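Examination of the molecular architecture
Letter by letter, the chains look like this.
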Amino acid sequence: STVAKRVMLADDNISKEGPIPEIEWWDKFIMVSESYNNVDAPVSHEEMEGSAIYPKYREITHLIEHPISKPPPGSTKSDPPLSVMLTKKERRKLRTQRRLERQRDEQEKIRLGLIAPPPPKVRIANLMRVLCSEAVQDPTKVEATVRAQAAERQKKHFKSKC
């Protein structure tokens, strides 16, 4: 019973696609007749070039034409498979793995020199340790710079959250 239904569905889909052609469109350019029935044994390259039987052979070039991909006739369009519901622990684990992978990729790019390393995150607490020589020369200017950087980081954080 199910086999009969499948055959009926396949017949419906084939009729929607249209009849199967006698000769494919890419062969029409080089075939003399309009069907594959007259094709004999393979002929060598030299025989084809010198022969009057294959006058269209000269139209073949080294270029490749890729036809538009279509689903095969008789295939049914089905819904995509349902995604599996993950537990809270599995979702956390996947999120952590994705984040670690992203960090590893970024570190690798920095090591290879593809991207510039991020500037050091300077806070008021570690101001003297990170920028010791500059902080001694002009502490007010350095403190203002550090406060601006902290404000920018906080603004970026709130923007990504909302």
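A quick note: this is a predicted structure, and the numbers were derived from the prediction, not measured. (Residues numbered from 1 in each chain as written. Predicted model: local features only at pLDDT ≥ 70, side-chain atom pairs only at ≥ 80, totals over all residues. Heavy atoms only, no water.)

1. Details of the overall build of the chain
- Secondary structure summary: the chain contains six helices and zero strands in total.
- Tracing the chain from N to C terminus, the helices and strands come up as α-α-α-α-α-α.
- Counting the 162 residues in the chain, one finds 9% classified as buried.
- Pairs at least 24 apart in sequence give 33% of the contacts found in the chain among residues at least 6 apart. (Helix = DSSP H or I, 4+ residues; strand = E, 2+ residues; numbered from the N terminus. Buried < 20%, exposed > 50% of the residue type's maximum accessible area, 1.4 Å probe, protein only. Contact = heavy atoms within 4.5 Å.)

2. Structural notes on a positive patch on the surface
- Side chains of Arg95, Arg98, Arg99, Arg102 and Lys161 sit close together on the surface and give a patch of like positive charge.
- In terms of residue count, the dominant contributor to the positive patch is helix H3 (residues 88–112) (four residues).
- Inspection of the secondary structure assignment puts arginine 99 in helix H3. (Patch = residues over 30% accessible without salt bridge, like charges linked within 9 Å, V, L, I, M, F, W, Y side chains within 5 Å. Areas by Shrake-Rupley, 256 points an atom, 1.4 Å probe, with all protein chains shown as cover. Salt bridge = Lys/Arg side-chain N within 4 Å of Asp/Glu carboxyl O. Lys, Arg positive; Asp, Glu negative; His and termini not counted. Charge placed at Lys NZ, Arg CZ, Asp CG, Glu CD.)

3. Section: the nonpolar core
- Membership of the largest hydrophobic core is limited to five residues, which are Val122, Leu127, Ala135, Val142 and Val146.
- Apart from the residues lying within four places of it in its own chain, the contact partners of valine 142 are Leu127, Leu131, Glu134 and Ala135. (Core = buried A, V, L, I, M, F, W, Y, C linked by side-chain atoms within 4.5 Å.)

4. Re the confidence of the model for the chain
- In the predicted model, the chain carries a mean pLDDT of 77, and 70% of its residues have values of at least 70.
- No element of the chain has a lower mean pLDDT than helix H1 (residues 2–17), which averages 56, and none a higher one than H3, which averages 96. (pLDDT = per-residue confidence, 0-100.)

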